[in-house]
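Structure at a glance
Okay, here's what each chain looks like letter by letter:
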Amino acid sequence: MLNIIPDKIINIIKELNNNNHEAYLIGGCFRDYLLHLTPSDFDVVTSATPDEICKIFPNTATVGNNFLVT
């Protein structure tokens, strides 16, 4: 399989897992991954609450319930 998931995305999922949260790729990026295509963006769903995400990733900007990890 092509390595099309950037290290930054893998590290985000691992960090959530290391903090006892589930995290999965969803949506178009998952479809593209299965089709061996390069996704244009990545969506991650997690069991972490917004407050927990901000604690895990202190350089996070929130917009509604969406997060931009910088």
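First, a word on scope: everything that follows refers to the structure included in this document. (Residues numbered from 1 in each chain as written. Predicted model: local features only at pLDDT ≥ 70, side-chain atom pairs only at ≥ 80, totals over all residues. Heavy atoms only, no water.)

Moving on, we get to the overall build of the protein chain. Along the protein chain, the regular secondary structure elements total three helices and four strands. Going from N to C terminus, the protein chain has its helices and strands arranged as α-β-α-β-α-β-β. Residue burial in the protein chain is summarised as follows: out of 70 residues, 24% are buried. Sequence separation of 24 or more characterises 47% of the internal contacts of the protein chain that already satisfy a separation of 6 or more. Entry remark: accessible area of the protein chain is about 5000 Å², with carbon and sulfur atoms responsible for 53%. (Helix = DSSP H or I, 4+ residues; strand = E, 2+ residues; numbered from the N terminus. Buried < 20%, exposed > 50% of the residue type's maximum accessible area, 1.4 Å probe, protein only. Contact = heavy atoms within 4.5 Å. Areas by Shrake-Rupley, 256 points an atom, 1.4 Å probe, with all protein chains shown as cover.)

I5, I9, I12, I13, L16, A23, L25, C29, A48, I53, I56 and F57 form the largest nonpolar core, which has twelve residues in total. Elements represented by at least two residues in this core include exactly α1 (7-18), β1 (23-26) and α3 (50-56). The leading source of residues in this core is α1, at four residues. (Core = buried A, V, L, I, M, F, W, Y, C linked by side-chain atoms within 4.5 Å.)

Another point: a nonpolar patch on the surface. Side chains of Y24, I26 and V45 sit close together on the surface and give an oily, nonpolar patch of about 260 Å² of accessible area. Secondary-structure assignment places V45 in strand β2 (residues 43-46). (Patch = residues over 30% accessible without salt bridge, like charges linked within 9 Å, V, L, I, M, F, W, Y side chains within 5 Å. Salt bridge = Lys/Arg side-chain N within 4 Å of Asp/Glu carboxyl O.)

Here the focus is α1. Each turn of an α-helix holds 3.6 residues, which means side chains three or four residues apart point in the same direction. The end-to-end C-alpha separation of α1 is 16 Å, in line with the 16 Å expected for twelve residues at 1.5 Å each. Taken residue by residue, α1 has I9, I12, I13 and L16 as its buried positions. Within α1, the buried residues cover an arc of 90° as seen down the axis, which keeps them to one side. For α1, exposure combined with an orientation more than 90 degrees from the buried face picks out D7 and N18. Trailing α1 by a residue or two, N20 shows a phi angle of about 65°, which is positive. (Expected span 1.5 Å × (residues − 1). Arc of directions from axis to C-beta.)

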